[in-house]
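Next come the chains, spelled out residue by residue.
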Amino acid sequence: MSSKTPTGIRQWIWRAYVQSALIPLVLVEVVLIAAYLLTNNAIRDAQIEHLRETALSELQAAADRESRIISQQLQQVASATTLFRNLTVRALDDASVEPPPQLTLGADGVRYSPRDDGGAASFYSAATAPEQQDLKKAARLRRLDPLMKELHASNPLIASLYFNSWDSYNHIYPWFDTAQQYPPDMDIPSYNFYYLANSWHNPARRVVWTDVYLDPAGHGWMMSAIAPAYRGDFLEGVNGIDITVSGISGRAGALG
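Residues numbered from 1 in each chain as written. Predicted model: local features only at pLDDT ≥ 70, side-chain atom pairs only at ≥ 80, totals over all residues. Heavy atoms only, no water.

Visitor: Quick rundown of the packing of aromatic side chains? Include the residues and the values.
Guide: Summed over all chains, the structure comprises 7 aromatic pairs. Between W166 and F234, the aromatic rings sit 5.8 Å apart at their centres with planes inclined by 75°, giving edge-to-face as the arrangement. Of the two residues, W166 is situated in the loop between β4 (158-165) and β5 (169-173) and F234 in strand β9 (residues 234-244); the sequence distance between them amounts to 68 residues. We classify F234 as partly exposed; its relative accessible area is 41%. A ring pair is formed by F193 and Y213, whose centres lie 5.6 Å apart and whose planes are at 40°; its orientation type is tilted. Of the two residues, F193 is situated in helix α5 (residues 192-195) and Y213 in strand β7 (residues 213-214); the sequence distance between them amounts to 20 residues. The buried category is assigned to F193, whose relative accessible area is 6%. Cluster of aromatic residues (ring-pair linked, three or more members): Y162, Y191, F193 and Y213. Lying across the ring of Y230, R205 places its NZ or CZ 3.7 Å from the centre. (Phe/Tyr/Trp six-rings, centres within 6.5 Å; stacked < 30°, edge-to-face > 60°. Helix = DSSP H or I, 4+ residues; strand = E, 2+ residues; numbered from the N terminus. Buried < 20%, exposed > 50% of the residue type's maximum accessible area, 1.4 Å probe, protein only. Lys NZ or Arg CZ within 6 Å of the ring centre and 35° of its normal.)

This is the structure in structure tokens:
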């Protein structure tokens, strides 16, 4: 006789349901869930890549826009330097008599403006002996004070404007205590904001920009647009307009 236990109708129906319906259903669900997860990850990765590319594109566009704006402002400074230089040469060529500036001669041989009268500061280095200091030149350069004030007020990037002469005379706006800030025997033509404009470095006599340097006037790190002021073939001096590094970076941050 056989020892097998007969299969009941309910057990047979359940087994048939599992084999023909439940297992295929579970397999279909697993496949659908896997497809969903894979598709969702792909869509997410595509969206992240799209957002990254969009952000980079917008950042590049903003950087290009700000770069153009700053470039235009630097060109305005260069144009102002040219104007400043041209009017300086005109002032030096004008032989009309001007009252001598009220300068103090220190014991160390420095001649300087002792107080702020609303105009530019003057500093005649002891590198030039007091009896050789050209006070007529200093008087003529005072005619430039209104122009220097106007240029300074018209452009927020401009930190200071100045004329430096071949014999170490400095005429600079805004005013500050030059006798306290500068070394008494300051040899101005030895600084990059002077010699980069001379005939050796700048034979075309155009406006040039210095590299970044530490300002001896105490304004920190800056760069300068400088232009040579010639009378004939003689380099009388160099006009310059200073722009601080912090001013440029602050402007870029404001634009952003």
